[in-house]
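Fold and contact review
What follows is the residue order along each chain.
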Amino acid sequence: DQQVKQNSPSLSVQEGRISILNCDYTNSMFDYFLWYKKYPAEGPTFLISISSIKDKNEDGRFTVFLNKSAKHLSLHIVPSQPGDSAVYFCAASATNAGKSTFGDGTTLTVKP
Amino acid sequence: DGGITQSPKYLFRKEGQNVTLSCEQNLNHDAMYWYRQDPGQGLRLIYYSQIVNDFQKGDIAEGYSVSREKKESFPLTVTSAQKNPTAFYLCASSAQGRGNQPQHFGDGTRLSIL
């Protein structure tokens, strides 16, 4: 039973447009959510996070939105750049837990 | 430069042999993690350790073993009991092992069983 789901395996957008990556979770104990970006042959790197006490967190071109009632979060990248092409993983955790649960990832391709 | 070092990048072993993957960090982090990634799938937690000399099983611990004798090191042994060991293995660390702390990852070891 997957507790964190990224239902879109891939997404393709044009350079300069908005990229929206989605993530759903089922465990009500999760109260902290993180997005990681992964390039081929490298480990994931932390991108942005959000606590369940907020519904939005912004960092430059990256914004994460959280809808607790729907158990849904999304990552918006505006404007998208070719260098953003990578696999994006959503992760969820309980603050006092020692681990995170990851989704299967969404491969984003930004076309010039 | 602080970070996590996984070695080797590629590892080949014969079926039935145990193999140990190395993970070293110089970030002074308390917590360390091992994940397995299969094609088209996310990261699945094998083992994690929040402090030296202590570790817990993750979601897919069967066929694996770990040790945490030093803060900087968290080696993973893939035993012959692991039915399908060919995969990409990622090691990570975080400051205190709390869920609201981002994890820092190494660049992974790709293990192939011949």
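Scroll up for the structure.
In this report, the structure presented in the accompanying data block is examined. (Residues numbered from 1 in each chain as written. Chains lettered and ligands numbered in written order. Predicted model: local features only at pLDDT ≥ 70, side-chain atom pairs only at ≥ 80, totals over all residues. Heavy atoms only, no water.)

1. Observations regarding the overall build of chain B
Looking only at helices and strands, chain B has zero helices and 11 strands in total. For chain B, the α and β elements follow one another from N to C terminus as β-β-β-β-β-β-β-β-β-β-β. Relative to a compact globule of 114 residues, whose C-alpha radius of gyration would be 13 Å, chain B shows 13 Å and is just as compact. For chain B, the C-alpha atoms occupy an extent of roughly 35 × 30 × 25 Å along the three principal directions. Out of the 114 residues in chain B, the part that is buried amounts to 48%. (Helix = DSSP H or I, 4+ residues; strand = E, 2+ residues; numbered from the N terminus. Rg over C-alpha atoms; globule rule 2.2 N^0.38 Å. Buried < 20%, exposed > 50% of the residue type's maximum accessible area, 1.4 Å probe, protein only.)

2. A look at the state of the cysteines
Applying the stated rule across the entire model yields two disulfides over all chains. With a sulfur-sulfur separation of 2.0 Å, C23(A) is cross-linked through a disulfide to C90(A). Every disulfide takes its handedness from the sign of the S-S torsion; for C23(A) and C90(A) that torsion is -70 degrees, giving left-handed. Of the two residues, C23(A) sits in strand β3 (residues 19-25) while C90(A) sits in strand β9 (residues 86-93), which places them 67 residues apart along the sequence. Note on accessibility: C23(A) and C90(A) belong to one class, buried. Residue C23(B) pairs covalently with C91(B) via a disulfide, S to S 1.9 Å. Between C23(B) and C91(B), the S-S torsion sits near -75 degrees, and that sign places the bridge as left-handed. You can see C23(B) sitting in strand β3 (residues 19-25) and its partner C91(B) sitting in strand β9 (residues 87-94), a full 68 residues away along the chain. (Disulfide = S-S within 2.5 Å.)

3. Quick word on the pattern of salt bridges
All names here are of chain A. Tallying each qualifying case throughout the model produces six salt bridges over all chains. With a shortest N-O distance of 4.0 Å, K56 and E58 are connected by a salt bridge. The shortest N-O distance in the salt bridge between D84 and R61 comes to 2.8 Å. Taken as a pair, D84 in the loop between β8 (72-77) and β9 and R61 in the loop between β6 (56-59) and β7 (62-67) lie far apart in primary sequence, 23 residues in all. (Salt bridge = Lys/Arg side-chain N within 4 Å of Asp/Glu carboxyl O.)

4. Section: the packing of aromatic side chains
What the rule picks out here adds up to 12 aromatic pairs over all chains. Each ring, one from Y36(A) and one from F46(A), has its centre 6.0 Å from the other, and the planes form 70 degrees; the classification is edge-to-face. Of this pair, Y36(A) sits in strand β4 (residues 32-38) while F46(A) sits in strand β5 (residues 45-51), placing them 10 residues apart in sequence. Taken together, a centroid distance of 5.9 Å and an interplanar angle of 80 degrees make the contact between Y47(B) and F55(B) edge-to-face. Taking the ring centre of F74(B) as reference, the NZ or CZ of R68(B) above it sits at 6.0 Å. (Phe/Tyr/Trp six-rings, centres within 6.5 Å; stacked < 30°, edge-to-face > 60°. Lys NZ or Arg CZ within 6 Å of the ring centre and 35° of its normal.)

5. A short note on the side chain of Q101(B)
With respect to the helices and strands, the residue Q101(B) is situated in the loop between β9 and β10 (104-105). Within the structure, Q101(B) has its side chain in polar contact with the side chain of Q96(B) (distance 2.7 Å). With sequence-adjacent residues up to four places away left out, Q101(B) is seen in contact with L34(A), S94(B), A95(B) and Q96(B). (Polar contact = N/O pair within 3.5 Å; in protein donor to acceptor, adjacent residues only side chain to side chain. Contact = heavy atoms within 4.5 Å.)

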